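Survey of secondary and tertiary structure
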Amino acid sequence: MSSKAPVTQAVRVLREHKVDYTEHLYKYEDKGGTTVSARELGVDEHAVVKTLIMEDENKRPLIVLMHGDREVGTGMLAKQIGAKKIHPCDPKTADKHSGYQVGGTSPFGTRHPMPVYMEAGIAELDTIYINGGKRGFLIGVSPRDVIRVLNPTLVNAAA
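Residues numbered from 1 in each chain as written. Predicted model: local features only at pLDDT ≥ 70, side-chain atom pairs only at ≥ 80, totals over all residues. Heavy atoms only, no water.

The protein carries the name Cys-tRNA(Pro)/Cys-tRNA(Cys) deacylase in an unreviewed UniProt entry, which gives Chromobacterium vaccinii as its organism. Under the UniProt heading Sequence similarities (unreviewed entry), the entry covering the protein gives this text: "Belongs to the prolyl-tRNA editing family. YbaK/EbsC subfamily." (UniProt positions renumbered as here; feature names shortened; annotations may be inferred.)

Written out as structure tokens, the structure reads:
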């Protein structure tokens, strides 16, 4: 496997905002999720952050950032953001909204701007590992920089 990290749209956005980050390539496994990436990187799955594309009852897309070892309580999230219902997008719809391929979705540099909701506990970590815009490519970054660049709404929706 080549050790050269790709220059994705996410990487361009981080560079543009002068964010310090580390690049982590790993062997992607289909349906392996954060369990595989945490194992491959040798980090706690709680610090690996999933980027989920969801939509509300009006099909308005949104991004949810969640700890790798937790699920999104969609009812809890809907209540906090004033939506009737929230549900995950199917992969094709998610890809269309984000411009990335599911399994490689980054919250940075999405095709369409979407509101970002971040589980509040993520902000308390020193370093998080979040997708860099390609399957098998995570970036290590400070949650403070994520907050600075994405300006997410902090929520408590971990189930």
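What follows covers the pattern of salt bridges. Any two side chains of opposite charge can pair, so long as their charged atoms come close to each other. Applying the stated criterion across every chain yields a total of 6 salt bridges. We note a salt bridge from E29 to R39, for which the minimum N-O separation is 2.8 Å. Of this pair, E29 sits in the loop between β1 (21-25) and α2 (33-41) while R39 is found in helix α2, placing the two residues 10 residues apart along the sequence. What makes E29 partly exposed here is its relative accessible area of 32%. For R39, the salt bridge is made with E40, and the minimal N-O distance between the two is 3.2 Å. (Salt bridge = Lys/Arg side-chain N within 4 Å of Asp/Glu carboxyl O. Helix = DSSP H or I, 4+ residues; strand = E, 2+ residues; numbered from the N terminus. Buried < 20%, exposed > 50% of the residue type's maximum accessible area, 1.4 Å probe, protein only.)

A word on the UniProt feature "domain: YbaK/aminoacyl-tRNA synthetase-associated" (unreviewed entry) in the protein. Residues annotated by UniProt as "domain: YbaK/aminoacyl-tRNA synthetase-associated" (unreviewed entry) correspond here to residues 37-148. For residues 37-148, the end-to-end C-alpha separation is 25 Å, with 24% helix and 31% strand making up the annotated structure.

It is characteristic of soluble globular proteins that their nonpolar side chains tend to be buried jointly. With 27 residues, the main nonpolar core has L65, F108, I130 and V146 as its most contacted residues. Counting residues per element, this core draws most heavily on helix α1 (residues 9-16), at 4 residues. Those residues in contact with F108 that lie beyond four places of it in its chain are A10, V13, L14, Y100, I130, I139, V146, V149 and L150. Within the second largest apolar cluster, 13 residues are counted, among which are V64, M66, A78 and A158. (Core = buried A, V, L, I, M, F, W, Y, C linked by side-chain atoms within 4.5 Å. Contact = heavy atoms within 4.5 Å.)

It is worth spelling out the pairing of strand β5 (residues 116-119) at this point. Of the two faces of β5, the one carrying V116 and M118 and the one carrying Y117 and E119 are both buried. Sheet analysis places strand β3 (residues 61-67) next to β5, joined by 3 bridges and oriented parallel. Across the sheet, residue L65 finds its bridge partner in β5, namely M118. Alignment of β5 against strand β8 (residues 153-155), held across 3 bridges, turns out to be parallel. Bridge assignment links E119 to a residue of β8, and that residue is V155. (Pairing = 2+ DSSP bridges.)

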